[in-house]
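Residue-level structural notes
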Amino acid sequence: MKYIHIFIFSFLILANLYSQEKIPLNHSLYNSWNKIEKAKISVDGKYVSYEINPAKGDGFFYVYDSENDKTDSVFRGSDGIIIPNTNIAILKIKPEYESIRKMKIAKKKSEDFPKDTIAYFDVQSGLKSLVKISDVNKYSYTEFGLPQIVYLKDYKSDTIKQDDKSQKKNNHFKDTYQLNILDLTKSDKDTINDVKDFEISKKSDFILYAKEIYDEASTKSKDIPLTEIYIHNQKNGSSYKIFESEGKVSNLAISSNGLYSAFLYTKDTSSVKRYDLYFYYPNTYAAIKIADTNTSAFPNDWEISENGTIKFSDDNSKLFFNTAPKIYAQPKDTIPDDEKFKVD
């Protein structure tokens with residue numbers, strides 16, 4: 001009995017200590033919880049990348065090198081990946097969570113928020129090889145062919161101002177950028193100004209990009225650009241123009257083999273716009289219109305839609321695009337305000 005009493009007494013003491021150390025579960029703990037996200041493994045199986053993020057706040061991007069049993073991490077890193085057939089990790093570095101939160105509280109416009117920084121590094125060399133590129137609007141990379149990173153850089157960036165002090169803000173259309181094409185094998189970089197958008201051919205060395213420029217001889221208004229579309233061959237550094245017209249283009253698409261391209265074009269300046277679908281393949285020398293609002297294959301009162309994306313099938317034999325019921329402008333309001341019924 002003596003030993004039983006001692007055991008029970010010891011158990012009660014331990015239970016009491018445990019209950020004192022136990023942290024109560026409530027809402028205050030949520031922000032301290034972390035979760036593993038966006039885990040990926042490289043094509044060759046050598047590297048594993050993932051993120052560890054809190055419920056609120058800044059997290060980390062990690063890369064594990066299985067051959068050398070080594071892990072590197074980047075603070076505020078996100079959306080990282082190992083570029084196929086290389087040892088290069090590419091990722092975004094987000095602005096500080098608190099700085100964005102303060103700007104939201106101050107009702108700042110989203111276009112005034114600090115932009116993401118992209119970064120890349122050789123996993124085998126580690127973070128000593130980390131390169132950061134700030135003020136990036138969009139970026140992409142090749143999956144096969146020449147290993148390259150392609151990105152749009154804001155003209156407000158200090159690096160552009162230093163590289164080309166002659167550039168004046170008024171020389172560029174709104175929402176155009178400097179296109180940068182970085183060859184990872186040589187660390188060489190090509191730049192092209194006045195680029196609105198681009199798409200990269202994932203399995204070849206071609207880039208499709210659209211320029212918007214103001215040409216007094218060709219454009220009637222400073223609000224309507226002269227749009228040019230080019231296909232850039234990174235192997236020889238040449239660009240071939242496939243389209244030129246006054247108006248706007250959107251929804252660029254290029255096939256994985258780089259042979260075919262497509263995009264939407266409109267010359268309308270009203271709030272309701274009608275779009276034409278253009279298609280390019282090498283034998284045409286220039287992009288040709290293959291569909292518009294009058295295409296008989298569409299259901300009655302349907303048209304090409306700018307919403308969604310244009311894309312090619314995996315074998316590049318088909319082109320997919322979006323259609324939708326026609327949108328019409330709202331009729332003009334002809335009733336004075338004092339004649340309208342109002343409900344208090």
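Below is a short write-up of the structure. From a predicted model like this one, the values you see are computed outputs, not experimental measurements.

**Overview of the packing of aromatic side chains**
Within the structure shown, the criterion is met by 15 aromatic pairs. The interplanar angle of 10° and the centroid separation of 5.3 Å between the aromatic rings of Y50 and Y62 together place this pair among those described as stacked. With Y50 in strand β2 (residues 47-54) and Y62 in strand β3 (residues 60-65), the pair connects residues that are 12 residues apart, well separated along the chain. For the ring pair F60 and Y62, a centre distance of 6.1 Å and an interplane angle of 40° mean the geometry is tilted.

**Observations regarding the pattern of salt bridges**
All chains considered together, the criterion is met by 15 salt bridges. Put simply, E228 and K241 hold a salt bridge, and the shortest N to O gap is 3.6 Å. Pair noted here: E228 is in strand β14 (residues 226-233) and K241 is in strand β15 (residues 238-246), with a separation of 13 residues, a long-range link. A residue is classified by how much of its surface remains accessible, and K241, at 32% relative accessible area, is partly exposed. With a shortest N-O distance of 2.6 Å, E244 and K241 are connected by a salt bridge. Among the charged side chains, a salt-bridge network with shared partners connects K38, E51, D79, K92 and D116.

**Digging into the sheet that holds β15**
Hydrogen bonding along the main chain pairs the strands of a sheet, whether they run parallel or antiparallel. The sheet built from seven strands is open, its strands ordered β9-β10-β11-β12-β13-β14-β15 with antiparallel pairing. Of all strands in the sheet, those bounded by a partner on one side alone are β9 (136-141) and β15. Sheet twist, expressed as the mean angle between neighbouring strand axes with direction ignored, is 30°. In this sheet, strand β11 (residues 177-183) lies alongside strand β10 (residues 148-153) in antiparallel orientation, the contact comprising six bridges. Bridge pairing in β11 links V150 to I181.

**Concerning the sheet that holds β3**
Strand order in the open sheet formed by four strands is β1-β2-β3-β4, with antiparallel pairing between adjacent strands. With one partner strand each, in any of the chains shown, β1 (34-41) and β4 (70-75) form the two edges of the open sheet. Averaged over all neighbouring strand pairs, the angle between strand axes comes to 20°, with direction disregarded. As paired strands, β3 and β4 are joined by six bridges and run antiparallel to one another. The residue bridging F60 from the neighbouring strand is F75, located in β4.

**What about the nonpolar core?**
Core analysis: the largest hydrophobic core is formed by 14 residues, its most contacted members being L208, I229, I242, F243, V249 and F263. The greatest single-element share of this core, amounting to three residues, is contributed by strand β16 (residues 248-254).

**Considering the pairing of strand β12 (residues 188-200)**
Judged from the six bridges that link them, β11 and β12 form a sheet pairing that is antiparallel. Within the sheet, the bridge partner assigned to Y177 lies in β12 and is V195. Linking two consecutive strands that pair antiparallel, namely β11 and β12, is a turn of four residues; a positive phi of about 60° is found at S187 within it. With five bridges joining them, β12 and strand β13 (residues 206-213) adopt antiparallel strand pairing. Its bridge partner being in β13, I200 is matched across the sheet by I207. Linking β12 back to β13 in an antiparallel pair, the connection comprises five residues.

**Let's talk about the environment of N34**
Inspection of the secondary structure assignment puts N34 in strand β1. Considering only alpha carbons, one finds N34 and P54, 20 residues apart in sequence, at a separation of 4.3 Å. Ignoring anything within four residues of it in the chain, the contact list for N34 reads I52, N53 and P54.

**Quick word on unusual backbone geometry**
Only a minority of non-glycine residues have a phi that is not negative, and only a minority of peptide bonds are not trans. Residue D79 is not a glycine yet carries a positive backbone phi of 55°. Turning to its location among the elements, D79 is positioned in strand β5 (residues 77-82). Classification of D79 as partly exposed rests on a relative accessible area of 30%. The backbone of N251 sits at a positive phi, close to 55°, despite the residue not being glycine. Within the secondary structure, N251 is located in strand β16. Exposure remark for N251: the relative accessible area of 16% places this residue in the buried category.

What counts, and where the lines are drawn
- Residues numbered from 1 in each chain as written.
- Predicted model: local features only at pLDDT ≥ 70, side-chain atom pairs only at ≥ 80, totals over all residues.
- Heavy atoms only, no water.
- Phe/Tyr/Trp six-rings, centres within 6.5 Å; stacked < 30°, edge-to-face > 60°.
- Helix = DSSP H or I, 4+ residues; strand = E, 2+ residues; numbered from the N terminus.
- Salt bridge = Lys/Arg side-chain N within 4 Å of Asp/Glu carboxyl O.
- Buried < 20%, exposed > 50% of the residue type's maximum accessible area, 1.4 Å probe, protein only.
- Pairing = 2+ DSSP bridges.
- Axes fitted to C-alpha atoms, helices over the stretch in contact; angles between N-to-C directions.
- Core = buried A, V, L, I, M, F, W, Y, C linked by side-chain atoms within 4.5 Å.
- Contact = heavy atoms within 4.5 Å.

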